[in-house]
Amino acid sequence: MIDQLLTCPLCGFEFERADSLCHHGCPLGALCHLARCPACDYEFPEKLPAAAAAGPWWRRLFARKPAEPLCPADAAYTVLDLHGGETAEVLGLGGHSPARRNSLAVFGLVPGCEIAVLQRYPSYVVRVGETVLALEEDVARDIVVRREAAA
């Protein structure tokens, strides 16, 4: 059985339940619904599996699928769409690689942070807080942002 990946709400680090620090030594580990992030030691409640939270199987079978929220065409962009000197809020990190998301999270590039594009050529250079990162084009394509409102 493959453990589900948990994401720390404090630092954004993704890890398996078995890698949780409290899972290894706590005698109540099987009964406890708390997870501890191995990167920052933050302890948080795990989410219930979707099947347990959804109710009986027949309710899930006949339930309507939730409509995906409509996003205005000008609300979401990638770093590739931003110009030099422009700032934006990170909405999410795309791609299928948890390792890449964790690597970017180490530098503070997590959903909700503000980035500023310093340069676009020969590579994308962004500032995240006090950190300056040079990104390859495929990495920049996976970072979904919302442009700051014009003052």
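Worth saying up front: this structure is predicted, and the values here are computed from it rather than measured.

**Q** I'm lost on the nonpolar core in this one. Help?
**A** Taken as a class, soluble globular proteins show a tendency for nonpolar side chains to be buried jointly. Formed by 21 residues in total, the largest nonpolar core has its most connected members in Val79, Leu109, Ile115, Ile143 and Val145. Of all the elements in the fold, those that place two or more residues in this core are β6 (87-93), β7 (114-119), β8 (124-128), β9 (131-135), α5 (137-141) and β10 (143-147). Those residues within four positions of Ile115 in sequence are excluded, and the remaining contacts are Val79, Glu86, Thr87, Ala88, Val90, Leu109, Val126, Arg127, Val128 and Val145. Listed in part, the six residues of the second largest apolar core include Leu6, Cys8, Ala35 and Phe44.

**Q** Which parts of the structure should I look at to understand the pattern of salt bridges?
**A** Throughout the structure, instances matching the rule amount to seven salt bridges. When the shortest N-O distance is used, the salt bridge between Asp138 and Arg100 registers 3.2 Å. Of this pair, Asp138 sits in helix α5 while Arg100 sits in helix α4 (residues 98-106), and the two are 38 residues apart along the sequence. For Arg100, a relative accessible area of 28% translates into the label partly exposed.

**Q** Teacher, can you tell me more about α4 here?
**A** Spacing of three or four residues puts side chains on the same side of an α-helix, whose turn is 3.6 residues. Among all positions of α4, only Arg101, Asn102, Leu104 and Ala105 are buried. In an axial view of α4, the angular spread of the buried residues amounts to 165°, which keeps them on one side of the axis. Exposed side of α4, more than 90 degrees from the buried face: Ala99 and Val106 are the residues found there. Looking at the buried positions of α4, the neighbouring elements they touch are β2 (14-16), β6, β9 and α5.

**Q** How should I be thinking about the side chain of Asn102 in this particular structure?
**A** Its place among the elements puts Asn102 in helix α4. Looking at Asn102, the relative accessible area reads 13%, which means it is buried.

**Q** Would you take a moment to explain the sheet that holds β8 for this structure?
**A** Whenever strands of a sheet pair, they do so through backbone hydrogen bonds, lying parallel or antiparallel. Spatial strand order, β5-β10-β6-β7-β8-β9: six strands in an open sheet with antiparallel pairing. A strand with exactly one partner marks an edge of an open sheet, and here the two such strands are β5 (77-78) and β9.

**Q** Got a minute to help me understand the confidence of the model for the protein chain in this structure?
**A** Close inspection of predicted coordinates is inappropriate for parts of the model with low pLDDT. Per-residue pLDDT for the protein chain averages 78, and the proportion of residues at 70 or more is 70%. When the elements of the protein chain are averaged for pLDDT, helix α2 (residues 50-54) gives the smallest value, 50, and β8 the largest, 95.

**Q** Help me understand the pairing of β8 in this model?
**A** One face of the sheet, then the other: side chains in a regular strand alternate in exactly this way. Burial of β8 is extensive: four of the five residues sit out of reach of the surface. As paired elements, β7 and β8 share four bridges and run antiparallel to each other. Looking at the pairing, Ala116 lines up with Arg127 of β8. In this structure, β8 lies alongside β9, joined through five bridges in antiparallel fashion. Following the sheet pairing, Val126 is matched in β9 by Leu133.

**Q** Help me out: how do you make sense of the environment of Gly85 in this one?
**A** Within the secondary structure, Gly85 sits in the loop between β5 and β6. You can call Gly85 exposed: its relative accessible area is 62%. Each C-alpha atom of the pair Gly85 and Gln119 lies 7.6 Å from the other, and the pair is 34 residues apart in sequence.

Conventions we followed
- Once a new chain begins, its residue numbering starts again from 1 and follows that chain's sequence as written.
- Thresholds applied to this predicted model are a pLDDT of at least 70 for local features of residues and 80 or more for the giving and counting of side-chain atom pairs; totals over whole chains, interfaces and linings are not thresholded and use all residues.
- No hydrogens and no water enter the side-chain calculation; it runs on all heavy atoms of the structure.
- Joining through side-chain atoms within 4.5 Å is the link that ties buried Ala, Val, Leu, Ile, Met, Phe, Trp, Tyr and Cys residues into a set, and such a set is a nonpolar core.
- Throughout, exposure labels follow a simple rule: accessible area from a 1.4 Å probe, protein chains only, divided by the maximum for the residue type, with under 20% read as buried, over 50% as exposed, and the rest as partly exposed.
- Strands are runs of DSSP state E lasting at least two residues, helices are runs of H or I lasting at least four, and both sets are numbered from the N terminus onward.
- Throughout, a residue-residue contact means that at least one pair of heavy atoms, one from each residue, lies within 4.5 Å.
- In the sections that follow, a salt bridge refers to a side-chain nitrogen of Lys or Arg positioned within 4 Å of a carboxyl oxygen of Asp or Glu.
- To be clear, the arc concerns the directions from the helix axis to the C-beta atoms.
- Note: two strands are recorded as paired if DSSP finds a minimum of 2 bridges between them.
- pLDDT measures how confident the predictor is about each residue, on a scale from 0 to 100.

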